[in-house]
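Structural features, examined
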Amino acid sequence: MRYWLATVLIVVLLGAVAWVVPDKRRELVHAITTYDAVPTAPAPLPGGVGPPLMRSVRTRVVLIDGLAKSVARTLPHWDAACLAGMRLEVDVGFPTVSLPVEMEIWTGLTQQQSGIVYRSSVPLLPPLDKKGIPAQVPGSVAVAEAYGYIVRSLGFSIAMPVADPSNPAKDRDLNTDAKGPGWADKWQGEALAAVRGNAPLVFVHILRVDTAGHQYGIGIQYEQAAREADTILGTLMAADPTARWFLLSDHGHLPTGGHGGEEVSVRQVEHCIVGPGISPSEGGPIHVIDIARAIADSVGATLPTDSRSRPLSIAMHTPLQADQAIPPLALGAGAFAIFIIVAGLALSSWGVRRWWLVPWWFFAAVTLLIAIRGMPTLSMPMIYKPEGRDMYLTWLPALPLAFAAAWFSSTRISLTRMAVAQLALPVAIACAAIAASGAWPTLFGEHRAPVVPVVTAWASPLMLLMAHGAAAVALGVLASGVRRAFGPPAAPAPASTAPADA
């Protein structure tokens, strides 16, 4: 009777884990892409005091969304402008997502300082006030090719396209219809008119390169979109050759498409400044908030007093060290995560008394995931997909090992010891990733984005893997029970609470 009670209890408990944890993972993904984080200190950045960049009568900023550094130098208009001015390697920090990075550009605050760390298709409402640069410049104009919620979040006097009345995250009049040309057909004309006008600050956001990166990765289609963007850039610059121009990118892309993580190829991009007061030079890497300081100087705006940005003259002489722009893991969260892993190892050592009780399935699953998909990062679309299919297909071959271990050992050792042996370490590692990313409050309903380098990306597959492992072990226990009930007589199993090999 004790065996059957233990069987029912373990099957129900592990079944509940397998049922609940995937939903919690989806809550985590939603929080990452929707909410803001609690503002914290930025990564330790070098300081310095120096003369500001000379103010310009007209400042023009063009951002080609998703333009990788390796492709930027192949573009003729972009490269010619950079050769005539200041070419800079720029680190945009973490994470590498458009709206948070552009908030850095227009406020001089890192994403950790502002707490705006992801916000996928979630506009800032109300828009940025005079804490940012655009709201300090009367008559400032922003024109976006699409996804206008980004420029509408930044505090420009005029921001186009306007929002769809039914959804502020969407643009109105995107395509041509019976009423006439839509925004997709006329945005370049609006951008050209803004550049030619007298506005002291104009921002043009070109999206097509990022769109191609997501759809195709860095390949023929991406390079074609980059050439189209470069042609648009050349037309814009020719319309106002005496202005000061800032040519920017907010992030790169993985070769297969995607961004958001801490990879150097995604995080470090090329920026160029050309026009009055700019002499040909080259340097970096500098932080993107240093570009914010240069734009603020150019238009006569001021940045928040807690901005860690530096004048260009200082930033050029004090480049960032490798990965210096990535925020470190919080000491308390890291210590808590280590404690959880140590506890998991202790439990696992209690449960594993035979070599075949080691959770080989978990090590095989993680190895398969890395070998097939690579090290998880926030740049990978698989991290965010609700069903997790791209991940679990890689480790499905490992799950029969968990089933076999549970089935084989259920009549040889106690069910408690078997379950601990198979699941203590995987559960502890998943819980440690959740703790290190600060996600426990999020999983219990708090609207907070737990976005931390490396560990947040790992939390997504580890939670799903924990659920699948629990399901496989539960099925193994259930199969063993069925065999015991309906199969040939077997030797009595040890009591579930008194291990035979203790």
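In short, a report on the structure. (Residues numbered from 1 in each chain as written. Predicted model: local features only at pLDDT ≥ 70, side-chain atom pairs only at ≥ 80, totals over all residues. Heavy atoms only, no water.)

1. Structural notes on the overall build of the protein
A count of helices and strands for the protein gives 19 helices and 10 strands. With 502 residues in all, the protein has 56% of them scored as buried. When contacts within the protein are restricted to residue pairs at least 6 apart in sequence, those whose partners lie at least 24 apart make up 77%. Entry remark: accessible area of the protein is about 20,800 Å², with carbon and sulfur atoms responsible for 65%. (Helix = DSSP H or I, 4+ residues; strand = E, 2+ residues; numbered from the N terminus. Buried < 20%, exposed > 50% of the residue type's maximum accessible area, 1.4 Å probe, protein only. Contact = heavy atoms within 4.5 Å. Areas by Shrake-Rupley, 256 points an atom, 1.4 Å probe, with all protein chains shown as cover.)

2. Quick word on the nonpolar core
Trp395, Val473 and Val477 are the most contacted members of the largest nonpolar core, which totals 61 residues. For this core, the secondary-structure elements that each account for two or more residues are α1 (2-34), α14 (360-373), α15 (389-395), α16 (399-409), α17 (415-436) and α19 (455-486). The element best represented in this core is α19, accounting for 14 residues. If we ignore the near neighbours within four places in the chain, the residues touching Val477 are Thr7, Ile10, Val11, Ala406, Ser410, Leu415 and Met418. (Core = buried A, V, L, I, M, F, W, Y, C linked by side-chain atoms within 4.5 Å.)

3. A look at the sheet that holds strand β7 (residues 201-206)
Ordered in space as β4-β3-β7-β1-β8-β9-β2-β10, the 8 strands form an open sheet in which the pairing is mixed. Edge positions in the sheet fall to β4 (158-160) and β10 (281-287), since each has one partner strand and no second. Between one strand axis and the next, the sheet turns by 15° as a mean value, whatever way the strands run. Two elements, strand β1 (residues 59-64) and strand β8 (residues 244-248), share 5 bridges in a ladder whose sense is parallel. Each residue of the ladder has a partner; that of Val62, found in β8, is Leu247. Packing against the sheet, helix α11 (residues 288-299) makes contact with β1, β2 (86-91), β7, β8, β9 (268-274) and β10, and its axis sits at approximately 115° to β10. (Pairing = 2+ DSSP bridges. Axes fitted to C-alpha atoms, helices over the stretch in contact; angles between N-to-C directions.)

4. A look at the state of the cysteines
Chemically, a disulfide is nothing more than a covalent bond linking the sulfur atoms of two cysteines. Enumeration according to the criterion identifies 1 disulfide in this entry. Sulfur-sulfur distance for the disulfide between Cys82 and Cys272 comes to 1.8 Å. The chirality of the disulfide connecting Cys82 with Cys272 is right-handed, given an S-S dihedral of about 100°. Pair noted here: Cys82 is in helix α3 (residues 76-84) and Cys272 is in strand β9, with a separation of 190 residues, a long-range link. As far as burial versus exposure is concerned, Cys82 and Cys272 are alike and both buried. (Disulfide = S-S within 2.5 Å.)

5. Digging into α11
Residue pairs three or four apart in sequence face the same way in an α-helix, which turns once every 3.6 residues. The end-to-end C-alpha distance of α11, which contains 12 residues, comes to 17 Å, matching closely the 16 Å that a straight helix rising 1.5 Å per residue would cover. For α11, the buried fraction is high: 11 of the 12 residues fall into the buried class. Those residues of α11 that fall on the buried side of the exposure criterion are Val288, Ile289, Asp290, Ile291, Ala292, Ala294, Ile295, Ala296, Asp297, Ser298 and Val299. (Expected span 1.5 Å × (residues − 1).)

6. Quick notes on the pattern of salt bridges
Applying the stated criterion to the full structure yields 18 salt bridges. Here Asp240 and Arg60 are joined by a salt bridge, their closest N and O atoms 3.6 Å apart. With Asp240 in the loop between α9 (220-239) and β8 and Arg60 in strand β1, this pair connects stretches of sequence that are 180 residues apart. The residue Asp390 makes a salt bridge to Lys385 at a minimum N-O spacing of 2.8 Å. (Salt bridge = Lys/Arg side-chain N within 4 Å of Asp/Glu carboxyl O.)

7. So, unusual backbone geometry
For the peptide bond that leads from Leu125 to Pro126, omega is -5°, which places it in the cis range. For Pro126, the location among the structural elements is in the loop between α5 (111-114) and β3 (141-144). The phi torsion at Asp323 lies on the positive side, around 60°, for a residue other than glycine. Secondary-structure assignment places Asp323 in the loop between α12 (312-317) and α13 (331-351). Accessibility expressed as a relative area gives 39% for Asp323, which makes it partly exposed. In this model, Val454 sits at a positive phi of 70°, which is unusual for a non-glycine residue.

8. Here we look at the pairing of strand β6 (residues 167-171)
Bridge count for strand β5 (residues 163-164) against β6 is 2 bridges, and the pairing is antiparallel. Paired with Ala163 across the bridge in β6 is Asp171. As consecutive antiparallel partners, β5 and β6 are separated by 2 residues.

9. Some points on the packing of helix α7 (residues 183-196) against α9
Look at α7 against α9: their axes get within 8 Å of each other, and the N-to-C directions meet at 30°. Taken together, the axes of α7 and α9 lie roughly parallel to each other. Once α7 is placed against α9, the crossing between them reads as right-handed. The residues of α9 that touch α7, namely those facing Trp187, Gln188, Ala191, Leu192, Val195 and Arg196, are Ile232, Thr235, Leu236 and Ala239. Residues of the contact of α7 with α9, tallied by class, amount to 7 nonpolar, 2 polar and 1 charged. (Parallel < 35°, antiparallel > 145°, perpendicular 65-115°, else oblique. Left-handed = near helix turned anticlockwise from the far one by under 90°. Nonpolar A, V, L, I, M, F, W, Y, C, P; charged D, E, K, R; others polar.)

10. Section: the environment of Pro285
Relative to the helices and strands, Pro285 resides in strand β10. Here Pro285 falls in the buried class, since its relative accessible area comes to 15%. Here the alpha-carbon distance between Pro285 and Glu89, two residues 196 residues apart in the chain, equals 4.6 Å. Setting aside chain neighbours within four positions, we find Pro285 in contact with Glu89, Gln268, Pro319 and Leu320.

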